Amino acid sequence: MILIIGNGISGVTAARNIRKKSDEPITIISSESKYFFSRTALMYVYMGHMKFEHTQPYEPHFWIKNRIELKQTFVESIDTDAKTLLCTGGELLHYDKLIMATGSKPNKFGWKGQDAKHVQGLYSKQDLENMEANTQGISSAVIVGGGLIGVEMAEMLLTRNIEVHFLVREKQFWNNVLPKQDAVFIMKHFEKHHGLHMHYSDELEEIHVDESNSAIGITTKNGNKIDCQFVGLTAGVSPNIDFIKKSKIETNRGILVNRFLETSVKDVYAIGDCAEFTDAIPGRRSIEQVWYTGKFMGETVAHTITGNRVEYNPGHWFNSAKFFDIEYQTYGDVLSNLKEGESKFVYQHPKEEILLHFVFDTVTRRFIGVNNYGIRLRHLVFNAWLDKSATIEEVLEDLASANFDPEFYKTYESDIVAQFNTEFGTHIVAAKRKWWQKLTNA
Ligand SMILES: Cc1cc2nc3c(=O)[nH]c(=O)nc-3n(C[C@H](O)[C@H](O)[C@H](O)COP(=O)(O)OP(=O)(O)OC[C@H]3O[C@@H](n4cnc5c(N)ncnc54)[C@H](O)[C@@H]3O)c2cc1C
């Protein structure tokens, strides 16, 4: 019997991939919902672009056909000696192998009023339902913490004509991830949004409540008082592992795992947002809290559990998100500050909201990474360039290969190359999709 706690992308990917190779009984447990749904799509439900049912990638018969049992209950504790889980209501479940895929929870930092009514994070289906109820008929909200979920929450609230005050502790938006030029570009974009009030270099001091313990305003560390009827807490997330801390499984910030996703206890594995590598892959974080890394970990652990023990190897870093109307992608390693021996090349379109930020090795010219905003570039092509250690010149010459839409892209491409030639004294010429032609001819 294989038990999986958590029906998010990590747990579900593990179950699907184990089933492809094994007939062992599999049960997925989650307290949040019976069926797997896409957490990244929650904002679109609030904004009315889709119904909650549309966020569920698989129909109910999929689980029956694949003989994956779904159980909606909460796991209170784990006894790794007896190999059992104790669920709410006293049900005891036995496992031969256990996969923990318990995800994250929104951070709270002990602010006064953080548990009041109309104060919440945005992570779960229940958070979405609470947000729907908590924002009915309100006119003003405060969001605490400047990351991607905060931006999503701001966009959601603005679509309902709710005034948003967004507190960002740092001088620049998402400054631990974005280089300064990129952050400034995004901050300019924020200014365009009517009803959005950004407060940089300021943070939450206290949430004020009325006699019914509902939020009515906040005070910031800088002494600003803001009236509001809703407070969104989006100051990051941490692994959701409180109930595991009582077990024999070793934890730190997350559940500690080796590169094989094995925990300190035999036959117990951890994957996705809740896992913390004791020995992180060089250049990557020890806890990876994004969709595709959860998926990769699910695939990896499925190999191991079905007899082919393999290490987690997610390849080159990539990520994508959206800052209101600007799409953002990143391939390879673009850090907020250049490392020694690295150079950057930044192209910003004079009129349109397009920015590309390339990083490369100053001496060898090896392309290290790119952040692109307002323009979509192909993952497959950048991955190939990173794999073969292409130089920055090779990448720029053939940038059209990475473009989804070469017809519209032509002008940017020659402008980008021209600017690079001016800045770096090179004489490269933009080619016509060399790499892509090679691939499609192959
Ligand atoms: C609003 C939002 C937007 C996001 N957007 C993006 C994006 O654009 N791109 C991106 O890469 N990532 C995004 N993320 C992050 C991404 O969604 C997560 O990295 C991913 O969903 C984590 O998957 P997981 O399977 O590890 O855990 P989860 O999806 O969190 O699933 C864990 C499940 O386990 C359940 N569980 C936990 N403990 C127990 C217990 N004791 N008993 C029973 N059940 C339990 C939880 O209730 C939950 O259902 C976003 C996250 C949020 C919240």
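Refer to the structure above for everything that follows.
Reading the values: the criteria
- Residues numbered from 1 in each chain as written.
- Predicted model: local features only at pLDDT ≥ 70, side-chain atom pairs only at ≥ 80, totals over all residues.
- Heavy atoms only, no water.
- Helix = DSSP H or I, 4+ residues; strand = E, 2+ residues; numbered from the N terminus.
- Rg over C-alpha atoms; globule rule 2.2 N^0.38 Å.
- Buried < 20%, exposed > 50% of the residue type's maximum accessible area, 1.4 Å probe, protein only.
- Contact = heavy atoms within 4.5 Å.
- Areas by Shrake-Rupley, 256 points an atom, 1.4 Å probe, with all protein chains shown as cover.
- Near = heavy atom within 4 Å.
- Polar contact = N/O pair within 3.5 Å; in protein donor to acceptor, adjacent residues only side chain to side chain.
- Nonpolar A, V, L, I, M, F, W, Y, C, P; charged D, E, K, R; others polar.
- Domains from an automatic or database assignment.
- Salt bridge = Lys/Arg side-chain N within 4 Å of Asp/Glu carboxyl O.
- Phe/Tyr/Trp six-rings, centres within 6.5 Å; stacked < 30°, edge-to-face > 60°.
- Pairing = 2+ DSSP bridges.
- Axes fitted to C-alpha atoms, helices over the stretch in contact; angles between N-to-C directions.

Caption draft 1: Quick peek at the overall build of the protein. Broken down by element type, the protein carries eleven helices and 25 strands. By the compact-globule yardstick of 22 Å for 442 residues, the protein fits well, its C-alpha radius of gyration being 24 Å. Viewed in the frame of its principal axes, the protein has a C-alpha envelope of about 70 × 60 × 40 Å. Sorting the 442 residues of the protein into buried and exposed places 53% on the buried side. Counting contacts in the protein only where the partners sit at least 6 residues apart, residues at least 24 apart contribute 61% of the total. Summed over its atoms, the accessible surface of the protein is roughly 20,600 Å², and 49% of this surface lies on carbon and sulfur atoms.

Caption draft 2: Geometry of the site of the ligand. Every one of the 30 residues lining the ligand counts as a neighbour, but Ser10, Glu32, Tyr123, Asp273 and Trp291 are closest to it. Within the side chain of Ser10, an N or O atom sits 2.8 Å from an oxygen atom of the ligand. Gln289 is positioned with one of its backbone polar atoms (N or O) 3.4 Å from an oxygen atom of the ligand. Against a free-state accessible area of 1,000 Å², the protein chains account for coverage of 91% of the ligand. Considering only residue class, the shell around the ligand consists of eleven nonpolar, 15 polar and four charged. Counting contributing residues per domain, the shell around the ligand is built from domain 1 (2-105 + 238-305) and domain 2 (119-235), each supplying no fewer than three.

Caption draft 3: Structural detail: the pattern of salt bridges. Per the stated rule, a full pass over the model turns up 24 salt bridges. The shortest N-O distance in the salt bridge between Asp23 and Arg67 comes to 3.5 Å. Of the two residues, Asp23 sits in the loop between helix H1 (9-21) and strand S2 (26-29) while Arg67 sits in the loop between helix H3 (60-65) and strand S3 (68-71), which places them 44 residues apart along the sequence. The exposed category is assigned to Asp23, whose relative accessible area is 63%. Lys71 is paired through a salt bridge with Glu91; the nearest N and O atoms lie 3.0 Å apart. Placement of the pair is Lys71 in strand S3 and Glu91 in the loop between strand S5 (84-87) and strand S6 (92-94), with a sequence separation of 20 residues. Of the residues examined, Glu91 reaches a relative accessible area of 34% and is grouped as partly exposed. One salt-bridge network, held together by shared partners, links Lys83, Lys97, Lys266 and Asp267.

Caption draft 4: Structural context of the packing of aromatic side chains. Here the structure, examined in full by the defined rule, presents 31 aromatic pairs. For the pair Phe190 and Phe324, a centre-to-centre distance of 5.8 Å together with 80 degrees between the ring planes defines the contact as edge-to-face. A residue pair is termed long-range when its members are at least 10 positions apart, and Phe190 in helix H6 (residues 180-191) and Phe324 in the loop between strand S21 (318-323) and strand S22 (326-332) qualify at 134 residues. Summarising the burial analysis for this pair, Phe190 and Phe324 share the class buried. For the pair Phe367 and Phe382, a centre-to-centre distance of 5.6 Å together with 45 degrees between the ring planes defines the contact as tilted. Linking Phe367 in strand S25 (residues 367-373) with Phe382 in helix H8 (residues 379-387), this pair joins segments that are 15 residues apart in sequence.

Caption draft 5: The sheet that holds strand S13 (residues 204-209), seen in detail. The strand order across the open sheet built from three strands is S13-S14-S15, with neighbouring strands paired in antiparallel fashion. The open sheet has two edge strands with one neighbour each: S13 and strand S15 (225-227). Geometrically, the sheet is characterised by an average inter-axis angle of 20 degrees between neighbouring strands, direction not taken into account. Bridging between strand S14 (residues 215-220) and S15 involves three bridges; their strand directions are antiparallel. Opposite Ile218, over in S15, you have Ile226 as the bridge partner.

Shape descriptors only; they carry no functional weight alone.
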